[in-house]
Amino acid sequence: MPDSVSARIVERAEGIPLFVEELSQVVLDVSKAPSERAIGDIPATLQSSLLARLDRLGAAKPIAQVASVLGREFSHEMLLLVLADRPDRRADLDLERSLTALTVAGLLTRGAEATVTYSFRHALLQDAAYQSLLKRTRRELHARVVVVLRARFPDRVEAQPELAARHAEAAGMAADAIGFYERAAAQAEARSAHEEALLHLNRALDVAAAEPAGVERDRWELAVRQSMSGVLFRSRGWAVPESVAALERMRELSLATADRRSYAAAVLGLGLADYLAARFEPALARIQESIAVANEVDATAIVVVALTVSANIAYFQGRFRDAYEFADRVTALYVPEQHHREVVALAGDDSGVTAMGTKGWALFHLGYPGRGIACTDSAVAAATSLGHPFTLGQARLWALAIRYDRGDDDLDGVATDLLLDCTAQKFPAFAGGAQAILGKVNGNPAVVLEGAMVAATTGSMVMAPSIGFCLADAHRQSGHLADALSAIDAALEVAATTGQVFYDAPLLTLKGETILADAAEPAEKRRSAAESCFRR
């Protein structure tokens, strides 16, 4: 090829290697003696160049087009099944000739695997073949792929539901696509791939949004939003704006579709968000509304979650007897085989297990530490048997916290293990709590603060006074008594502001002990100030 022709090709290709290759091939194809005049006979864009190359393939072009629907890489078997209902010998031979022609032409490369696979040599080649299909033909082919996947490759659909989802979406099969995306999200969530799960669910929302407005579309969106709320609860927190927005949208959709059960679930979720943000009064109002509606539609799982939240609020408000009674009602209602799946979808964790932990804490504060610890241990065992990582993380945190409240030694390893596990599984609320306890155990205020900041990303304010206690005690252990007293006063202020008086006694006891330890003050003054703390 003359240098002048090469220079023109480089100029027109604008630095795109594939375009250089395509233009060179076209020039060679249109003229046995390449010249600058031949440049005028070739396409001006890469897309048109690739389309022109497809047109010159003759009978192999339709094969390339169908293959492009399957993806960048595809198997010979899948292509044959999608191409026709009749995989006879003649069709097989025609396909082989076309695949050979496409490989010789440089559009495809053949893999070395035992199962024959092919790949488009460049993604732009696949895209050009795909874009050359009529939209109606594309939809029909994608629908055919879904049929073949279901009939011949069910294991692959089970392992990769997102693959079937993409084909169903492109085929205009909205209900199927949404179902496949939800299955893909559930699989991702099971391995704590929360962001991947949210991507699948957002894709499902896009599919629903593309459908005509109406009750059916609203029901699809409502189901996806319900799944999404659980993922958001576990990975980002109940009280963050994104979670609250999802719950508000669920409430709107449940009203639009006259779905009373979903309405109760949405109101309950908003109550959960208020509870975690330590807005206890509006939380209780929403919880009571959700119970009333749940009783109308016989939704026991919703009542189980609502009573568990009621128990937790009572506990943090220092109403330990009420907390125990609410939790005991949950124990009477909850049947794991019947309610586990739904309560997890509603609250993010298993409320039956959570109620066991709450009952344990209530017993501990009512003067029965042995029975209380037995309850929190039972919660860990129940969570382990259910195989639900998020519920297990919460149960382990409560079991750890009750032991440090009892003053157990050698909690460093337990706290470290919990921190590592919850960090790996991306559960920030529990990772932050474990880190705060670890800092307290080791007398390291910086570790406590880091844990508090991790927990704060969830928007939660509950247990803030006990985290303040961890910080204060870490300061006291490290000899920073003034910082310890400041941390105690800040924790008591949060307790008074939010109504979380459950930890006032340990905080005031620690304050009295810290005052007594300050040798810089006169002994009588210290005794008087400490005694006022102990008597409150």
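This is a predicted model, so every value here is computed, not measured.

Thresholds, definitions, all that
- Residues numbered from 1 in each chain as written.
- Predicted model: local features only at pLDDT ≥ 70, side-chain atom pairs only at ≥ 80, totals over all residues.
- Heavy atoms only, no water.
- Helix = DSSP H or I, 4+ residues; strand = E, 2+ residues; numbered from the N terminus.
- Buried < 20%, exposed > 50% of the residue type's maximum accessible area, 1.4 Å probe, protein only.
- Contact = heavy atoms within 4.5 Å.
- Areas by Shrake-Rupley, 256 points an atom, 1.4 Å probe, with all protein chains shown as cover.
- Phe/Tyr/Trp six-rings, centres within 6.5 Å; stacked < 30°, edge-to-face > 60°.
- Lys NZ or Arg CZ within 6 Å of the ring centre and 35° of its normal.
- Pairing = 2+ DSSP bridges.
- Axes fitted to C-alpha atoms, helices over the stretch in contact; angles between N-to-C directions.
- Salt bridge = Lys/Arg side-chain N within 4 Å of Asp/Glu carboxyl O.
- Core = buried A, V, L, I, M, F, W, Y, C linked by side-chain atoms within 4.5 Å.
- Parallel < 35°, antiparallel > 145°, perpendicular 65-115°, else oblique.
- Left-handed = near helix turned anticlockwise from the far one by under 90°.
- Nonpolar A, V, L, I, M, F, W, Y, C, P; charged D, E, K, R; others polar.
- Expected span 1.5 Å × (residues − 1).

Caption draft 1: The overall build of the protein chain, seen in detail. Helix and strand counts for the protein chain stand at 30 helices and 3 strands. Here the protein chain holds 536 residues, and the buried ones make up 50% of them. Taking the contacts inside the protein chain whose residues are at least 6 apart along the sequence as the reference set, 61% of them involve residues at least 24 apart. Summed over all atoms, the accessible surface of the protein chain reaches about 24,200 Å², with 54% contributed by carbon and sulfur.

Caption draft 2: Highlighting the packing of aromatic side chains. Evaluated as defined, the whole model comprises 17 aromatic pairs. Here the aromatic rings of F316 and F502 are separated by 5.0 Å at their centres, their planes lie at 85°, and the arrangement is edge-to-face. Here F316, found in helix 18 (residues 300–316), pairs with F502, found in the loop between helix 28 (481–498) and helix 29 (504–516); they are 186 residues apart in sequence, far enough to count as distant. Linked through ring pairs, Y275, F280, Y315, F316, F320, W361, F364, W398, F469, F502 and Y503 together constitute an aromatic cluster. It is R371 that lies over the ring of Y368; its NZ or CZ is 5.0 Å from the centre.

Caption draft 3: Representation of the sheet that holds strand 1 (residues 73–75). Taken in spatial order, the 3 strands line up as 1-3-2 in an open sheet, and their pairing is antiparallel. Two strands lie at the open edges of the sheet, namely strand 1 and strand 2 (108–110), each paired on one side alone. On average, each strand axis in the sheet is tilted by 25° relative to the strand beside it, whichever way the strands run. Relative to strand 3 (residues 117–120), strand 2 runs antiparallel, the two sharing 3 bridges. Across the sheet, residue L108 finds its bridge partner in strand 3, namely F120.

Caption draft 4: View of the pattern of salt bridges. A full pass over the atoms with the stated rule returns 27 salt bridges. The partner of D408 in a salt bridge is R406, and the shortest N-O contact between them spans 2.8 Å. What makes R406 partly exposed here is its relative accessible area of 44%. When salt bridges that share partners are traced, they join E221, R225, R249 and E252 into one network.

Caption draft 5: Just the nonpolar core, in detail. In terms of nonpolar packing, the biggest core is built from 92 residues, with L272, Y275, I302, V305, I313 and Y404 touching the most fellow members. For L272, the contacting residues outside a window of four places in its chain are W238, V305, V309, L346 and A347. With 60 residues, the next largest nonpolar core counts L57, A174, L201 and W220 among its residues.

Caption draft 6: Representation of the environment of R225. Along the chain, R225 turns up in helix 14 (residues 215–235). In the structure, R225 is positioned 28 residues away from L253 in sequence and 9.5 Å away in space, judged by C-alpha atoms.

Caption draft 7: Main features of the packing of helix 16 (residues 260–276) against helix 17 (residues 280–296). Their axes nearest at 8 Å, the elements helix 16 and helix 17 cross at an angle of 160°. In terms of axis orientation, helix 16 runs roughly antiparallel to helix 17. The way helix 16 lies across helix 17 gives a crossing that is left-handed. For the pair formed by helix 16 and helix 17, the contact residues are R260, Y263, A264, V267, L268, L270, G271, D274 and Y275 on the first element and F280, P282, A283, R286, I287, E289, S290, V293, A294 and E296 on the second. A per-class count over the contact of helix 16 with helix 17 returns 12 nonpolar, 2 polar and 5 charged.

Caption draft 8: Helix 17, seen in detail. Counted at 1.5 Å a residue, the expected span for helix 17 with its 17 residues is 24 Å, and the 25 Å between its end C-alpha atoms agrees. Within helix 17, burial applies to F280, A283, L284, I287, S290, I291, V293 and A294. Contact partners of the buried residues in helix 17: helix 16, helix 18 and helix 28. Among the residues trailing helix 17, D298 stands out with phi positive, at a value near 55°.

Caption draft 9: Spotlight on the pairing of strand 3. Residues of strand 3 alternate between two faces, with T117 and S119 on one and Y118 and F120 on the opposite face, all of them buried. As paired elements, strand 1 and strand 3 share 3 bridges and run antiparallel to each other. Across the sheet, the residue bridging to E73 is S119, located in strand 3.

Caption draft 10: Examining unusual backbone geometry more closely. Despite not being glycine, A258 shows a phi value in the positive range, around 55°. With respect to the helices and strands, the residue A258 is situated in the loop between helix 15 (241–256) and helix 16. Using a relative accessible area of 66% as the deciding quantity, one classes A258 as exposed.

Caption draft 11: Region of the structure containing the environment of G172. Its place among the elements puts G172 in the loop between helix 11 (161–170) and helix 12 (174–190). When the C-alpha positions of G172 and E211 are compared, they lie 9.2 Å apart, and in sequence the two are 39 residues distant.

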